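Remarks on the overall topology
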Amino acid sequence: MARAKTVAVTRSIRETASQRPPFLGFGLGLRPQHYSDILEASPKVDWFEAISENYMVPGGQPLRMLDKIRARYPIVLHGVSLSIASTAPFNENYLKDLKTLAARVEPQFVSDHLCWTGVHGVNLHDLLPIPYTREALDHVVARVHYVQEYLGRPLAIENVSTYVQFAHSEMPEWEFITELTKRTGCWLVFDVNNVFVSAFNHGWDAHAFIDGIPIDRVVQFHLAGHEHNVSHIIDTHDALVPEEVWELFRAAVKRFGPVSTIIERDDNIPPLADLVAELGTARTIAEEMLAELKQERT
Ligand SMILES: [Fe+2]
């Protein structure tokens, strides 16, 4: 009986996941520094991405703000502590609180990262890399299935930026991600900056990553800045989107078409108006690339 129910839930999640959620336009990561400006000025932002962990509580000011902003804008929930690739058991309280939050917010989708964030109940607050092996793939596939069934909705999984690779990896990152989405039906958040950072740090071709990811699975782009240290790049998310990331964004829009996009600033947070202006650049670039794409297809 329980098995039949699980199969039915899995089938219904696959059906939902088989179509991409609607194109939301151009949004921003929701940051507490901007709550009052958003509510007072209703800026030209199409949607917001809220960090799930900031609101996984029964009440309080942040949740009240989120409710008010949700009343005006579409919201996506983006987590940083699911630890989908960890070998430690899931934190069931975390999953319960995430499900409760998703029921309250009714987000367009729920996302987190392809990484692990801790062991033995300790959250290291970092998005740590995994080996791209068949064994790890089986493990993450099972964990994504589990979370999707628990939440009753597809997950969107994001590529992280990395500074080390595992010598025993058996496939490139994009192949691992492609297999993951094929086997679980999960959607993908494509962080353009993270692809740029990892490609530079490891010496692989960022365009091979773009070309290796299935077109119909990407539901969101992340854009951000980083710190270039000549020999390596640190993914700081604390600066303007640099030209080389805009270049990669052009290629990503050309391949994936219209995809909901945000600028994700995590540190050195500027006034909201500055981010809205930077978002205008994303909008303009995407429109140009989509017009080019349309022309090439006619
Ligand atoms: Fe990101």
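Fair warning: this is a prediction, and the values are worked out from it, not measured in the lab. (Residues numbered from 1 in each chain as written. Predicted model: local features only at pLDDT ≥ 70, side-chain atom pairs only at ≥ 80, totals over all residues. Heavy atoms only, no water.)

Thoughts on the overall build of the chain
For the chain, the count of helices and strands is 10 helices and 12 strands. Relative to a compact globule of 298 residues, whose C-alpha radius of gyration would be 19 Å, the chain shows 19 Å and is just as compact. Summarising its shape, the C-alpha atoms of the chain cover approximately 55 × 45 × 45 Å along the three principal directions. Residue pairs in contact within the chain that sit at least 24 positions apart in sequence constitute 80% of those at least 6 positions apart. Summing over all exposed atoms, the chain offers an accessible surface of approximately 13,600 Å²; the carbon and sulfur share of this is 54%. Averaging the locations of the 27 positively and 39 negatively charged side chains of the chain gives two centres separated by 10 Å. (Helix = DSSP H or I, 4+ residues; strand = E, 2+ residues; numbered from the N terminus. Rg over C-alpha atoms; globule rule 2.2 N^0.38 Å. Contact = heavy atoms within 4.5 Å. Areas by Shrake-Rupley, 256 points an atom, 1.4 Å probe, with all protein chains shown as cover. Lys, Arg positive; Asp, Glu negative; His and termini not counted. Charge placed at Lys NZ, Arg CZ, Asp CG, Glu CD.)

Observations regarding the coordination of the iron ion
Looking at the metal site, the iron ion is ligated by Glu-158 (OE), Asp-191 (OD), His-222 (ND1) and Glu-264 (OE), spaced 2.0 to 2.3 Å from it. If you list the donors of the iron ion from N- to C-terminus, the spacing comes out as E-x32-D-x30-H-x41-E. Highlighted residues: His-222 in strand β9 (residues 218-223) and Glu-264 in the loop between β12 (260-263) and α10 (272-297), separated in sequence by 42 residues. Residues His-222 and Glu-264 agree in their burial class; the two are buried. (Donors = N, O, S within 2.8 Å, 3.2 Å for Na, K, Ca; no water. Buried < 20%, exposed > 50% of the residue type's maximum accessible area, 1.4 Å probe, protein only.)

Quick look at the sheet that holds β12
Reading around the circumference, β1-β2-β3-β4-β7-β8-β9-β12 is the order of the 8 strands in this closed barrel, with parallel pairing throughout. Put simply, the sheet's adjacent strands are angled 30° from each other on average, direction ignored. Two elements, strand β1 (residues 26-29) and strand β2 (residues 48-51), share 2 bridges in a ladder whose sense is parallel. By the bridge assignment, Leu-28 is partnered in β2 with Phe-48. (Pairing = 2+ DSSP bridges. Axes fitted to C-alpha atoms, helices over the stretch in contact; angles between N-to-C directions.)

Some details on the packing of aromatic side chains
According to the stated counting rule, one finds 14 aromatic pairs in the structure shown. Note on Trp-174 and Trp-204: the rings are 5.5 Å apart at their centroids and 70° apart in plane angle, and the pair reads as edge-to-face. In this pair, Trp-174 sits in helix α6 (residues 173-184) while Trp-204 sits in the loop between α7 (192-202) and α8 (206-212), placing the two residues 30 residues apart along the sequence. Exposure class is identical for Trp-174 and Trp-204. Each is buried. (Phe/Tyr/Trp six-rings, centres within 6.5 Å; stacked < 30°, edge-to-face > 60°.)

Observations regarding the pairing of strand β4 (residues 110-113)
The two faces of β4 match: Val-110 and Asp-112 on one face and Ser-111 and His-113 on the other face are all buried. Note: strand β3 (residues 75-78) against β4, 2 bridges, orientation parallel. Bridged to His-78 within β4 is Ser-111. Crossover connection from β3 via helix α4 (residues 92-105) to parallel β4: handedness right-handed. In this structure, β4 lies alongside strand β7 (residues 155-158), joined through 4 bridges in parallel fashion. If you follow Ser-111 over to β7, its bridge partner there is Ala-156. (Right-handed = clockwise from strand over helix to strand, strands pointing away.)

Brief notes about the packing of α4 against helix α5 (residues 134-151)
For the pair α4 and α5, the least separation of the axes is 10 Å and the interaxial angle reads 45°. Classed by the angle they form, the pair α4 and α5 counts as oblique. Helix-helix and strand crossings are classified by hand; for α4 and α5 the assignment is right-handed. Where α4 approaches α5, its residues Glu-92, Leu-95, Lys-96, Leu-98 and Lys-99 are matched on the opposing element by Tyr-146, Val-147, Tyr-150 and Leu-151. Its residues placed into classes, the contact of α4 with α5 shows 6 nonpolar, no polar and 3 charged. (Parallel < 35°, antiparallel > 145°, perpendicular 65-115°, else oblique. Left-handed = near helix turned anticlockwise from the far one by under 90°. Nonpolar A, V, L, I, M, F, W, Y, C, P; charged D, E, K, R; others polar.)

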